[in-house]
Every structure is written in C-alpha cells, then in structure tokens.
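# A closer look at the structure
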Amino acid sequence: MKYATLYMTGPTQSWGDSSDWDLRTTNIFPTKSGVLGGMFATLGIDREFSSEYYPKVKSVRMTSLMFGVPNIFTDFHVVTNVPVALTGKLNSDISKRNLVTHREYITNVSYGVILEGDDEVIEWLCSRMKNPKWKFSLGKKCCIPTEPIYSGIFNTKEEAITEAKRRYNQTLKLTDTTSSEKVIRVQEECGFNDHTEILRDNPKGNRNFGMRYVKNYELNA
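I will try to describe carefully the structure that is included in this document. (Residues numbered from 1 in each chain as written. Predicted model: local features only at pLDDT ≥ 70, side-chain atom pairs only at ≥ 80, totals over all residues. Heavy atoms only, no water.)

### Points about the overall build of the protein
- Broken down by element type, the protein carries three helices and ten strands.
- Ordered by position from N to C terminus, the α and β elements of the protein give β-β-α-β-β-β-β-α-β-α-β-β-β.
- Sequence separation of at least 24 residues holds for 76% of the intrachain contacts in the protein that already meet a minimum separation of 6.
- Summed over all atoms, the accessible surface of the protein reaches about 12,400 Å², with 50% contributed by carbon and sulfur. (Helix = DSSP H or I, 4+ residues; strand = E, 2+ residues; numbered from the N terminus. Contact = heavy atoms within 4.5 Å. Areas by Shrake-Rupley, 256 points an atom, 1.4 Å probe, with all protein chains shown as cover.)

What follows is the structure in structure tokens.
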C-alpha cells in the first residue's frame, strides 16, 4: 500500500459535483472525480476515453485536509447559443440565445489530498505529475494552482499527512502570513458503517458518478 500526497493552493478553486445548468455550486472539499480527472489529464487520458481507466483506480481511497476557512463567492458567466431545452434547437430570437450562469468559487483555503491504494496504481497515477501532458486544474480549468501539486509517494498515511502539513506551513512562510486555526478539518473516505456523509463524486467515466462514503472530523493543527 502506498500513499500519494497532493497539495492544492491557488487564488480560487471550484469543486462541483451534482449541480447543472445555470447554477454551478462548489463543495468545500475537493471531489474525488475532480482530483482523479486532474491526474488523468496529466497522463494524457482524454475524457471521452476515460471510462476504461476508472476500474483501475476503483480501490483508491481519498482523504482531504482543509487548511484555513474557505470563503465562497459567486461569479457570473454568459453562455452563448444555448439551445431550447424542449427541442434542442437554437431559439429563433437571437436575443434569447444567451444565458447568465452563476458559478461558485472557493478562496482563502488550501488542501492536502492523500490518495491511498496499491503500489502500482498509485505510482501509475503519479507518473506524469512532474511532466504532465495536460495541466491539473483546481476543479475548473480557470482555477490555476500557484504551487506544484505533486508532493511525493509515502509508505504510511502519517508520513503523507505530515508532508501536506509541511507544504501548508511553507505556503504561510512564502506569503509571510500566519494561521490562527487550531484544527485541520478532514474528510476521509470510509466504509458504509463509518460514514457521516454520502457524496456522489465517485467517477465511472462518461460523466457517470457513483456514491462515496466519507467521515468528517478534525485534527490538531
């Protein structure tokens, strides 16, 4: 069993799961679909052909550590040439082809993500993180990381978590800031009997998602 540490920090992040159409919300933790999708991008796996690869990572479990307290804000985007829902065709009235969408983003927070799985699977997932085919975004393509995401593969979960904490403390030092937070919020993938929340962000490919059981708790900072 190996444990990969990813560190995610940037001006904005957005981790949507079940929202569609003109309101796109964000989770306060990274979604598993977003993280694995980002790693598939580094490997050069096109979304259209991703379904054949997801069974390979089915047993991978994810734990997320939240550093800081997230602020969520809403931005507005105009989408052009929107088809009519009933017909699937463009409205004959050009002025009605545009749609204002509302999209949520997170600021003021960084994440450490620990991926746990079989040695060969974790090593394969991380094999192009330092030399990616396509970029790893923080949820949406417009959310660009300000520090390298990949932080290494470790033999124990404790080592992986320690590395995530080290990266966050390094960010504080680089930005000449301090944190008043006494705890680190954690979302850990688990079995059914231990869960406190059910998420619909377990990717199956072709925009299909299964359920994921997680438990939420806190660690000392």
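Still more ground to cover, so stick around.
### Notes on the pairing of strand 3 (residues 61-67)
- Counting buried residues in strand 3 gives six out of seven residues, a clear majority hidden from the surface.
- Where strand 3 and strand 6 (residues 110-117) come together, seven bridges link them in antiparallel fashion. Across the sheet, threonine 63 pairs through a bridge with isoleucine 114, a residue of strand 6.
- Where strand 3 and strand 8 (residues 183-189) come together, four bridges link them in antiparallel fashion. Its bridge partner being in strand 8, serine 64 is matched across the sheet by glutamine 187. (Buried < 20%, exposed > 50% of the residue type's maximum accessible area, 1.4 Å probe, protein only. Pairing = 2+ DSSP bridges.)

### Structural notes on helix 3 (residues 157-174)
- Relative to the 26 Å expected for 18 residues at 1.5 Å per residue, helix 3 spans 26 Å between its end C-alpha atoms, a close match to the ideal helical length.
- Among all positions in helix 3, only Lys157, Ala160, Ile161, Glu163, Ala164, Arg167, Tyr168, Thr171 and Leu172 are buried.
- Looking at the buried residues of helix 3, the elements they touch are strand 1 (2-8), strand 3, strand 6, strand 7 (150-154) and strand 8.
- Of the residues flanking the end of helix 3, it is aspartate 176, one or two places downstream, whose phi is positive at about 55°. (Expected span 1.5 Å × (residues − 1).)

### A word on the pattern of salt bridges
- Counted according to the given criterion, the structure contains seven salt bridges.
- Glutamate 181 is the partner of arginine 185 in a salt bridge, and the nearest nitrogen-oxygen pair spans 3.4 Å.
- Glutamate 181 sits in the partly exposed class, given a relative accessible area of 26%.
- Here glutamate 189 and arginine 212 are joined by a salt bridge, their closest N and O atoms 3.6 Å apart. A residue pair is termed long-range when its members are at least 10 positions apart, and glutamate 189 in strand 8 and arginine 212 in strand 10 (residues 208-220) qualify at 23 residues.
- The buried category is assigned to arginine 212, whose relative accessible area is 2%.
- The network of salt bridges with shared partners includes Lys32, Glu189, Asp201 and Arg212. (Salt bridge = Lys/Arg side-chain N within 4 Å of Asp/Glu carboxyl O.)

### Notes on the layout of surface pockets
- Taken as a whole, the largest pocket encloses approximately 1,300 Å³ of empty space.
- Taken together, 35 residues make up the lining of the largest pocket; nearest its centre are Ser33, Gly34, Arg47, Gly139 and Arg207.
- Mapped by element, the contributors of at least two residues to the lining of the largest pocket are helix 1 (32-43), strand 9 (197-205) and strand 10.
- Looking at the lining of the largest pocket, the element that brings in the most residues is helix 1, giving six residues.
- Broken down by class, the residue content of the lining of the largest pocket amounts to eight nonpolar, 16 polar and eleven charged.
- Approximately 370 Å³ is the volume found for the second largest pocket.
- Along its surface, the second largest pocket is lined by 22 residues, and Asn108, Val109, Tyr168, Leu172 and Thr177 are the ones closest to its centre.
- Per-element tally for the lining of the second largest pocket: the top contributor is helix 3, with four residues.
- In terms of residue class, the lining of the second largest pocket is made up of seven nonpolar, 13 polar and two charged. (1 Å grid on protein atoms, 1.4 Å probe; cavity = no way out; pocket = protein on both sides within 12 Å on 5 of 7 lines; lining within 4 Å. Points joined across faces, edges and corners; volume = space filled by probe spheres on them. Nonpolar A, V, L, I, M, F, W, Y, C, P; charged D, E, K, R; others polar.)

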